[in-house]
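Structural features, examined
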Amino acid sequence: MTQRCMKNLDIFSALSHTDREQIGDLALKKIYRKNELVFTEGVEADSIYLIKSGRVKLYKISEDGREFTLDYLKSEDIFGEVTFFENAVHTMNAVAMEDTFICCCTKELFIKLLSNPQTAFKIVQYLGKKMNAYTEHMSHTAFKDVKGRVLGVLCRLAESYGTPTGAGLTIALDLTHQDIGSLVNASRVMVTNVLGELRKEHLVHIDGHRITLPTESITMHQNRGI
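Residues numbered from 1 in each chain as written. Predicted model: local features only at pLDDT ≥ 70, side-chain atom pairs only at ≥ 80, totals over all residues. Heavy atoms only, no water.

**Description of the overall build of the protein chain**
Threshold: Numbered from the N terminus, helices here are DSSP runs of H or I no shorter than four residues, and strands are runs of E no shorter than two. The buried label applies to any residue whose accessible area, calculated with a 1.4 Å probe on protein chains only, is under 20% of its type's maximum; exposed applies above 50%, and partly exposed to all values in between. The contact rule is simple, with two residues in contact once any of their heavy atoms fall within 4.5 Å. Here the Shrake-Rupley method, with its probe set to 1.4 Å, supplies the accessible areas, and only the displayed protein chains count as covering residues.
From N to C terminus, the protein chain includes seven helices and 12 strands. Buried residues in the protein chain amount to 45% of all 226 residues. Residue pairs at least 24 apart in sequence account for 70% of intrachain contacts in the protein chain once pairs closer than 6 positions are excluded. Total accessible area computed for the protein chain in this model is approximately 11900 Å², and 53% of it derives from carbon and sulfur atoms.

**Describing the pattern of salt bridges**
Pairing between side chains of opposite charge can happen when the charged atoms of each approach one another. What counts, and what does not: Throughout this description, the term salt bridge denotes a Lys or Arg side-chain nitrogen within 4 Å of a carboxyl oxygen of Asp or Glu.
As enumerated under the stated definition, the model contains 10 salt bridges in all. Across the pair E98 and R55 runs a salt bridge whose closest N-O atoms are separated by 3.1 Å. Taken as a pair, E98 in the loop between β7 (93-96) and β8 (100-106) and R55 in the loop between β3 (47-53) and β4 (56-61) lie far apart in primary sequence, 43 residues in all. On the basis of relative accessibility, which here comes to 30%, the residue E98 falls in the partly exposed class. Between E67 and K57 there is a salt bridge, with the nearest N and O atoms lying 2.7 Å from each other. Remark: K57 occurs in strand β4 and E67 occurs in strand β5 (residues 67-73); sequence separation between them is 10 residues. The exposure class assigned to E67 is partly exposed, which follows from its relative accessible area of 32%. A single salt-bridge network, built from bridges that share partners, covers K147, E197 and E201.

So, in structure tokens, the structure goes:
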């Protein structure tokens with residue numbers, strides 16, 4: 001792999017040219033093919049991962065074998081931050097959703113990067129936003145009904161993965177009803193019924209697995225926190 005890793009990511013823009021070049025030399029580079037596992041729950045966590053291109057899904061498997069999606073990650077997202085803790089193990093699974101180029105660095109190298117105050121601030125800021133997003137998602141799951149949870153998670157995905165179209169923002173992910181159900185802790189049948197209701201109310205447009213959120217739905221999400 002000749003492509004340099006991490007050096008051009010925005011989160012490291014405060015580093016000097018020399019330091020960024022060093023990151024490019026030291027970081028490990030790997031392409032994970034579609035459906036290939038990056039790591040699994042319970043395995044020792046010894047590296048931090050940054051997505052240069054592609055997409056990754058984070059998920060857990062319940063004791064009865066059900067899959068619960070925790071998040072979808074895209075270019076420039078960081079994951080595996082549990083590595084910061086002593087004797088850490090991964091608390092979830094990570095799988096490539098498509099061919100994905102991932103930059104990987106050891107805990108020791110990442111701690112060295114934190115010695116630059118501006119870079120450390122960007123990383124802390126990023127992780128803080130990520131934690132807030134997870135907290136918001138959990139509160140929606142706990143306090144919203146299924147309809148509110150589905151519309152909320154679709155708006156969140158549209159804001160992260162949306163491609164502008166004449167009808168609004170089209171989520172650039174192939175989402176099945178089961179995928180959505182695993183994000184909002186609801187059955188596939190329930191999600192199907194809710195999507196039917198949202199479609200009738202013109203809050204979503206659906207074409208196969210492609211879902212479009214009209215501008216009105218996004219605005220409602222931003223203003224009311226649905």
